[in-house]
Amino acid sequence: TTTTTTTTTTTQRLLLFEKQCNNDLLAVVARVRGDLSPLNRATLSALVVMDVHSRDVVGGLVERCVVDVEDFDWQAQLRSYWEEALVPNPAFSAYDDPSAGFYDPVDSSSSSPSSSSSPPFDAVFRIMSSRVDYGYEYLGNSGRLVITPLTDRCYRTLI
């Protein structure tokens, strides 16, 4: 059936992505073992921790046969996206209406704040039905950072 074919294709793609995650992790580990400045070593060490967690998450998705973005196991993950920014529109006051004051690039009736041909983008995090703009917040003590299933539960609870 079509559903079975789609599920099989998605599972195969997820398995390929899991393999890519492993290869990427090994490449970063190889760089960490090389000659690096202290700042670069700290940065790559934090990346290794995050990549190990990502690899484990992808492995869990493969084990649970998650094939749909609407699946709870996918929605429960903290996901990062690079999205077109909601640009403040000076023609409106956000104090009058919390939903107003933003330029919608899809709605041609809203006035663009600039004549730039390429809209700005923002890093955005999503988990469950929440969307949080990344504001370059303090990331913590990367040298001591460990990400566990409890960390994921905290993300789901706090966001």
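Remember, predicted model here, so these are calculated numbers, not experimental data. (Residues numbered from 1 in each chain as written. Predicted model: local features only at pLDDT ≥ 70, side-chain atom pairs only at ≥ 80, totals over all residues. Heavy atoms only, no water.)

Peer 1: Give a detailed account of the sheet that holds strand S1 (residues 79–84), specifying residues and quantitative values.
Peer 2: Judged by pairing direction, the sheet is antiparallel, and its three strands sit side by side in the order S1-S4-S5 without closing on themselves. Because the sheet does not close on itself, it has two edges, and the strands there are S1 and strand S5 (130–133). The sheet shows a mean angle of 35 degrees between the axes of neighbouring strands, taken without regard to direction. (Pairing = 2+ DSSP bridges. Helix = DSSP H or I, 4+ residues; strand = E, 2+ residues; numbered from the N terminus. Axes fitted to C-alpha atoms, helices over the stretch in contact; angles between N-to-C directions.)

Peer 1: Mind laying out the nonpolar core, listing which residues take part and the relevant values?
Peer 2: Counting seven residues, the largest nonpolar core is built from Leu 14, Cys 21, Val 57, Val 58, Leu 61, Val 62 and Val 66. If you list the elements that add at least two residues to this core, you get helix H1 (2–32) and helix H2 (38–63). Sequence-distant contacts of Leu 14, defined by excluding residues within four places in its chain, comprise Val 58, Leu 61, Val 62 and Val 66. One finds Leu 25, Val 28, Leu 44 and Val 48 within the second-largest nonpolar core, a separate group that totals six residues. (Core = buried A, V, L, I, M, F, W, Y, C linked by side-chain atoms within 4.5 Å. Buried < 20%, exposed > 50% of the residue type's maximum accessible area, 1.4 Å probe, protein only. Contact = heavy atoms within 4.5 Å.)

Peer 1: For the packing of aromatic side chains, give the residues involved together with the corresponding values.
Peer 2: Scanning all chains against the criterion turns up two aromatic pairs. If you follow Arg 126 out to its NZ or CZ, it ends over the ring of Tyr 81, 5.8 Å from the centre. (Phe/Tyr/Trp six-rings, centres within 6.5 Å; stacked < 30°, edge-to-face > 60°. Lys NZ or Arg CZ within 6 Å of the ring centre and 35° of its normal.)

Peer 1: Requested: an account of the layout of surface pockets, with residues and values cited.
Peer 2: Taken as a whole, the second largest pocket holds about 300 Å³ of empty space. Together, 17 residues line the second largest pocket, and His 53, Val 57, Gln 77, Pro 149 and Asp 152 are the ones closest to its centre. Elements supplying a minimum of two residues to the lining of the second largest pocket: H2, helix H3 (72–75) and helix H4 (149–158). Ranked by the residues each element gives to the lining of the second largest pocket, the list is headed by H2, at six residues. In terms of residue class, the lining of the second largest pocket is made up of seven nonpolar, four polar and six charged. (1 Å grid on protein atoms, 1.4 Å probe; cavity = no way out; pocket = protein on both sides within 12 Å on 5 of 7 lines; lining within 4 Å. Points joined across faces, edges and corners; volume = space filled by probe spheres on them. Nonpolar A, V, L, I, M, F, W, Y, C, P; charged D, E, K, R; others polar.)

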